[in-house]
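If you want the building blocks of each chain, they are given just below.
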Amino acid sequence: MADDEIKLSDREFDRIRERIYKDAGISLGDAKRVLVASRLNKIVRAKGLDSFDAYVDFLDRGASREDRQVFINALTTNLTRFYREDHHFDHLVQYVGQLMARPNPLKANGKPRLRIWSAGCSTGQEPYTIAMALMGKYPQLKNWDFRILGTDVDTQVVETAARGVYSVNDLEGLSDKQAAMFERPTADTIRVPDHLRRLMTFKPLNLMGKWPVKGPFDAIFCRNVTIYFDKATQTRIFERFAALLNEGSYLYIGHSESMKAEELGFCLEGKTIYRRLAVQQTGMQQRMSA
Ligand SMILES: C[S@@+](CC[C@H](N)C(=O)[O-])C[C@H]1O[C@@H](n2cnc3c(N)ncnc32)[C@H](O)[C@@H]1O
């Protein structure tokens, strides 16, 4: 610890935990203490404050929306990469193939409609992978009303996602074919091409609050996000996803996450892949009519 680092007491850590739980549903375990102290130290000092207590007081009273957002941004974990947990993308490609083969697809604006939501998209690698996997396989999707929504509670990562520019190091582990989907504006950077960026809408959205999104969706990716939430919060969020998914469509969650599928209106179809059941098949419906 540097000499001028402000120390974090047990009580202050508890106040910070309460605050981030209330703001973003994030449950911070004891092991996160050093990380929290180091992430917030600079912010507290930049505010001219000399303790974490004073900082939480400031957040509780009188802090601007921006200041409250800086606090949230500092405590999120944004680790992600292109083609992470890649069997989900293979499954999605197969499913969209089935949708395309349907004689009467749902339509919007006179075109067949396809909607996918990446909830907790971090810096955008997940929704761009969805776009690359689908457009790489089905170029005819350019004639569809196809949109991908990427949202995250952290406003900074949403800005990065919308730029679609990454380090060349992010190509590590990708096949030549996957890497070839990117433009190379400089020797150190890669950029998602315009025809893929045009499919995207990125916006800040806190899963704990209102969801100003237009469903229904054909797939929702919410991977490695609910791992930071407690069970009750996870259940509430999965139920809300169920209400926004078309019958037979899919929810993809992270490899270390799980849910009680049938109670929530899903059935487990593959590793961390959940299919939305018809309403009359679900426990949710039975509970509602009880
Ligand atoms: C580890 S990243 C996962 C990114 C991507 N889904 C993946 O699997 O590669 C988790 C993301 O969840 C976001 N997050 C945490 N709490 C959230 C909330 N309440 N609402 C929306 N996003 C949240 C974080 O900001 C972070 O970017």
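Just so it is clear, the structure is predicted and the values come from calculations on it, not from any experiment.

Details of empty space enclosed by the protein
Inspection of the entire model under this criterion finds one cavity of 30 Å³ or more. Contributing to the lining of the largest cavity are Ile26, Leu28, Lys32, Leu35, Val36, Arg39, Leu75, Thr77 and Tyr228. No other element matches helix 2 (residues 33-46), which puts three residues into the lining of the largest cavity. Each residue belonging to the lining of the largest cavity can be placed in one class, and the counts come to six nonpolar, one polar and two charged.

Points about the packing of aromatic side chains
Within this structure, the stated rule accounts for 16 aromatic pairs. Aromatic side chains Trp117 and Phe241 sit 5.5 Å apart centroid to centroid with 85° between the ring planes, which places their arrangement in the edge-to-face category. Of this pair, Trp117 sits in strand 2 (residues 111-119) while Phe241 sits in helix 10 (residues 231-244); the two residues are 124 residues apart in sequence, bridging distant segments of the chain. Neither Trp117 nor Phe241 differs from the other in exposure class; each is buried. Through a chain of ring-to-ring contacts, the aromatic side chains of Tyr83, Phe89, Tyr95, Phe221, Tyr250 and Tyr252 assemble into a single cluster. Taking NZ or CZ as reference, Arg240 lies 3.9 Å from the ring centre of Trp211, over its face.

Some details on the site of the ligand
As a structural note, the neighbourhood of the ligand is formed by 23 residues, with Ala24, Thr80, Gly120, Asp152 and Asn224 the closest of them. Within the backbone of Gly120, one N or O atom sits 2.9 Å away from a nitrogen atom of the ligand. Within the complex, 99% of the 600 Å² of free accessible area of the ligand lies under protein. Counted by class, the shell around the ligand contains ten nonpolar, eight polar and five charged residues.

Notes on the side chain of Thr233
Within the element layout of this structure, Thr233 appears in helix 10. Within the structure, the side chain of Thr233 is placed 2.5 Å from the side chain of Asp230, a separation counted as a polar contact. Not counting the four nearest positions on each side in its chain, Thr233 is found in contact with Tyr21 and Met208.

Digging into unusual backbone geometry
Excluding glycine, most residues fall at negative phi; most peptide bonds, likewise, are trans. Geometrically, the link from Gly215 to Pro216 is a cis peptide bond, its omega value of -5° lying close to zero. Among the secondary structure elements, Pro216 is positioned in the loop between strand 6 (200-204) and strand 7 (217-222). In this model, Ser122 sits at a positive phi of 50°, which is unusual for a non-glycine residue. By the element assignment, Ser122 lies in the loop between strand 2 and helix 6 (125-137).

Side note on the domain arrangement of the chain
Entries for the chain in the domain assignment read domain 1 (10-75) and domain 2 (87-289). Between domain 1 and domain 2, the C-alpha centre-to-centre distance is 30 Å. The interface of domain 1 with domain 2 comprises nine residues on the first partner and ten residues on the second. Interface area for domain 1 against domain 2, summed over the two sides, is near 800 Å², with a carbon-plus-sulfur share of 45%. The tally of links from domain 1 across to domain 2 stands at zero salt bridges. Inspection of the domain 1/domain 2 interface yields five residue pairs in polar contact (both at pLDDT 80 or more). Among the elements of the structure, helix 1 (10-24) and helix 4 (65-75) are those that each provide at least two residues to the side of domain 1 that touches domain 2. Looking at the side of domain 1 that touches domain 2 residue by residue, the classes come out as four nonpolar, four polar and one charged.

Analysis parameters
- Residues numbered from 1 in each chain as written.
- Predicted model: local features only at pLDDT ≥ 70, side-chain atom pairs only at ≥ 80, totals over all residues.
- Heavy atoms only, no water.
- 1 Å grid on protein atoms, 1.4 Å probe; cavity = no way out; pocket = protein on both sides within 12 Å on 5 of 7 lines; lining within 4 Å.
- Points joined across faces, edges and corners; volume = space filled by probe spheres on them.
- Helix = DSSP H or I, 4+ residues; strand = E, 2+ residues; numbered from the N terminus.
- Nonpolar A, V, L, I, M, F, W, Y, C, P; charged D, E, K, R; others polar.
- Phe/Tyr/Trp six-rings, centres within 6.5 Å; stacked < 30°, edge-to-face > 60°.
- Buried < 20%, exposed > 50% of the residue type's maximum accessible area, 1.4 Å probe, protein only.
- Lys NZ or Arg CZ within 6 Å of the ring centre and 35° of its normal.
- Near = heavy atom within 4 Å.
- Polar contact = N/O pair within 3.5 Å; in protein donor to acceptor, adjacent residues only side chain to side chain.
- Areas by Shrake-Rupley, 256 points an atom, 1.4 Å probe, with all protein chains shown as cover.
- Contact = heavy atoms within 4.5 Å.
- Domains from an automatic or database assignment.
- Buried area = accessible area lost by both parts, 1.4 Å probe.
- Salt bridge = Lys/Arg side-chain N within 4 Å of Asp/Glu carboxyl O.

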